[in-house]
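# Understanding the architecture of this molecule
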Amino acid sequence: MAPRPPVLCVAFVGTDGSPLFFRSFVRDEPPPGATAAGAAVTTPLCESNDLELSLLLFASLDQVEMQLRASAQAAQRGDTKNSDPYLGILTPALFNVEDCNIYGYVSATNVKILAVVREDAVKQRRDEDSVLRSMMKALNFLYADAVSNPFYDGLDRPSFAAAVDSAIDRYAVHFA
C-alpha cells in the first residue's frame, strides 16, 4: 500500500470564484470500510474524491472572503497592521473519514490558493504554520511565474501541473 499523501489537493481560484487550476494528490484507493461485501461504487473513486475535495474547497471560499473583508475594514479604520497574504487554517474538514484542514493564501491579484492538508501532517506541530506558509508562498510564486509569461493562456498546462507536483514533493520531507 502506497503512503497516503499529506497534501490532498491544491486549487487556484480566480477573483470571481472560478476555478483556475485543481490538482488532487489522492490515489485511487477506496476509503476505509468501503470494501465491504456488496458495496458497489458507481463512479470511479478518483472522480468522486476530486468532486468531494472541490466542494470542500469552494465551501471554504466564504471564510476567505470574510478574512479579506475584515482586512479591508481594518485598513479603512486606519489600522497600520500589514495584511498577510497567508490566511492559515480557514476551516477544518472531513474527507474519507479523516480530519483535514483547509489552508489559504491570497495573491496580490486576489487569486486564492487553497490546499487541503491532513490533520497532524507536519512532523513537528510547532513547525506546521511555517512549513505551510512556505509551501503556499512557493505555490504563489509558481502562479506569478506562470501568469508573467507573455504567452500565458491558462494554468491548465502540463508544465504548470508538473511544477505544482514538484513544489508539493519538495515540502513532503517536512510532513510525517
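Before reading further, recall that the structure is shown in the block above.
This text gives an overview of the structure that appears in the document. Per chain, the residues get numbers from 1 upward, laid out in the order the sequence is written. Per-residue local features are limited, in this predicted model, to residues with pLDDT of at least 70; the limit for side-chain atom pairs, both in listing and counting, is 80 or more; totals at the level of whole chains, interfaces and linings are taken over all residues. In computing side-chain values, all of the structure's heavy atoms are included and hydrogens and water are not.

Turning our eyes to something else, we now look at the overall build of the chain. Each helix is a run of DSSP H or I of at least 4 residues and each strand a run of E of at least 2, with the numbering of both proceeding from the N terminus. A count of helices and strands for the chain gives three helices and five strands. Helices and strands in the chain line up, N terminus first, as β-β-α-β-β-β-α-α. The buried label applies to any residue whose accessible area, calculated with a 1.4 Å probe on protein chains only, is under 20% of its type's maximum; exposed applies above 50%, and partly exposed to all values in between. Buried positions account for 39% of the 176 residues belonging to the chain. Considering only intrachain contacts with a sequence separation of at least 6, the fraction spanning at least 24 residues in the chain is 60%. Whether two residues are in contact is decided by their heavy atoms, any of which lying within 4.5 Å being enough.

So, on to the nonpolar core. Joining through side-chain atoms within 4.5 Å is the link that ties buried Ala, Val, Leu, Ile, Met, Phe, Trp, Tyr and Cys residues into a set, and such a set is a nonpolar core. Counting 30 residues, the largest nonpolar core has Phe12, Met135, Met136, Leu139, Val164 and Phe175 as its most contacted members. Broken down by secondary-structure element, the contributors of at least two residues to this core are strand S1 (7-13), strand S4 (98-106), strand S5 (112-118), helix H2 (128-147) and helix H3 (158-171). Here the element with the most residues in this core is H2; it accounts for eight residues. Sequence-distant contacts of Phe12, that is, excluding residues within four places in its chain, are made with Ser18, Pro19, Leu20, Phe21, Lys112, Ile113, Leu139, Tyr143, Leu155, Phe160 and Val164. In this structure, Leu8, Val13, Leu56 and Phe95 belong to the second largest nonpolar core, which totals 19 residues.

Any two strands with at least two DSSP-identified bridges between them are counted as paired. Pairing in this open sheet of five strands is antiparallel, and the strands run S2-S1-S5-S4-S3 from one edge to the other. For this open sheet the edge positions go to strand S2 (19-24) and strand S3 (86-95), each flanked by a neighbour on one side alone. Going from strand to strand, the sheet's axes swing by 15° on average, the running direction of each strand aside. Here S4 runs beside S5; their pairing, made up of seven bridges, is antiparallel. The residue of S5 that forms the bridge with Tyr103 is Ala115. Against the sheet, H2 engages S1, S2, S3, S4 and S5, with an angle of about 50° to S4. Sheet contacts for H3: S1 and S2; angle to S2, the most-contacted strand, approximately 50°. Under this scheme, a helix contributes an axis fitted over its contacting stretch, all axes are lines through C-alpha atoms, and angles between N-to-C directions fall in the 0 to 180 degree range.

Turning to the pattern of salt bridges, a few remarks are in order. What makes a salt bridge here is a side-chain nitrogen of Lys or Arg within 4 Å of a carboxyl oxygen of Asp or Glu, nothing more. Counted under the stated rule, the structure contains five salt bridges. The shortest N-O distance in the salt bridge between Lys112 and Glu65 comes to 3.4 Å. Of the two residues, Lys112 sits in strand S5 while Glu65 sits in helix H1 (residues 45-77), which places them 47 residues apart along the sequence. According to the relative accessible area criterion, Lys112 is buried, its value standing at 4%. Judged by its relative accessible area of 32%, Glu65 falls in the partly exposed class. Residue Arg157 is joined to Asp153 by a salt bridge in which the shortest nitrogen-to-oxygen separation is 3.6 Å. Looking at Asp153, the relative accessible area reads 54%, which means it is exposed.

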